[in-house]
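These are the residues of each chain, in order.
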Amino acid sequence: GAVVSQHPSRVICKSGTSVKIECRSLDFQATTMFWYRQFPKKSLMLMATSNEGSKATYEQGVEKDKFLINHASLTLSTLTVTSAHPEDSSFYICSARDPGLLYNEQFFGPGTRLTVL
Amino acid sequence: GDSVTQMEGPVTLSEEAFLTINCTYTATGYPSLFWYVQYPGEGLQLLLKATKADDKGSNKGFEATYRKETTSFHLEKGSVQVSDSAVYFCALSEGGGYNKLIFGAGTRLAVHP
């Protein structure tokens, strides 16, 4: 099946700094990528949908100025957590949609663990 | 809004035991229903799906039937293996296709020899 990678797999940063997380589709071109956030023992919450070459669509309650999403190419989307604070500590997961497949199935990356000190 | 509720884990079973993980949903329309599995250190993978009432999704010995009358999509397997140890997520998507996914909290399954 299609492969989606994320980098880094885990990151620790100081409060007030910015962190960039990359999501790549390795063997297909993804016109749409999704960013999720997962709290411990909680479900994945969709943060935003990004389409290549256009602005991301954010879910209600997600601060677009804090969570910057760039989908500059068909294989790469980035999530930048700006001025991170401890409450931003979480597990961030991306998925990519392969438009060449029936029903446009989403393929998920392994996730990035962010810890803000 | 739409939501998915699944049984809390962890679920601990011996090899060859029968597995049921309950999942119920709330939706305004007619959603598609999914089970995803996440093995340790890996991303979520689609396990099975059902797109309309009474459909049965199946894969790798796992089955789930879309029950509209009980708004349920319970996951079952007749004989689990150690390799089935993972976290299982129930999810729904409105509109019939693979659009926005709404997930349950996930259920961790541990299978012992």
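Please read all numbers here as calculations on a predicted model, not as lab measurements.

## Regarding the sheet that holds strand E1 (residues 4–7) of chain A
Residues and elements named next belong to chain A.
Logical step 1: With respect to topology, 4 strands assemble into an open sheet ordered E1-E3-E8-E7, the strand pairing being antiparallel. Of all strands in the sheet, those bounded by a partner on one side alone are E1 and strand E7 (67–73). Between one strand and the next, the sheet's axes are offset by a mean angle of 15°, whatever the strand orientation.
Logical step 2: Summarising the sheet, E7 and strand E8 (residues 76–81) pair through 5 bridges and their orientation is antiparallel.

## Observations concerning the state of the cysteines
Logical step 1: Applying the stated criterion across every chain, the model contains 2 disulfides over all chains.
Logical step 2: Note on cysteine connectivity: Cys23(A) is disulfide-linked to Cys94(A), with sulfurs 2.0 Å apart. What sets the handedness of the Cys23(A) and Cys94(A) disulfide is the S-S torsion sign, and at about 80° it is right-handed. Of this pair, Cys23(A) sits in strand E3 (residues 19–25) while Cys94(A) sits in strand E9 (residues 90–97), and the two are 71 residues apart along the sequence. For the pair Cys23(A) and Cys94(A), one class covers both residues: buried.
Logical step 3: The partner cysteine of Cys23(B) in its disulfide is Cys90(B), sulfur to sulfur 1.9 Å. The disulfide joining Cys23(B) to Cys90(B) has a torsion of about -70° about its S-S bond and is therefore left-handed. One end of the pair, Cys23(B), is in strand E4 (residues 23–26); the other, Cys90(B), is in strand E10 (residues 86–93), with 67 residues separating them in the sequence.
Logical step 4: For the unlinked cysteine Cys13(A), the closest cysteine sulfur is that of Cys94(A), found at 18 Å.
Logical step 5: Judged by its relative accessible area of 10%, Cys13(A) falls in the buried class.

Thresholds applied
Residues numbered from 1 in each chain as written. Chains lettered and ligands numbered in written order. Predicted model: local features only at pLDDT ≥ 70, side-chain atom pairs only at ≥ 80, totals over all residues. Heavy atoms only, no water. Pairing = 2+ DSSP bridges. Helix = DSSP H or I, 4+ residues; strand = E, 2+ residues; numbered from the N terminus. Axes fitted to C-alpha atoms, helices over the stretch in contact; angles between N-to-C directions. Disulfide = S-S within 2.5 Å. Buried < 20%, exposed > 50% of the residue type's maximum accessible area, 1.4 Å probe, protein only.

Functional significance is not addressed by these values, which are geometric in nature.
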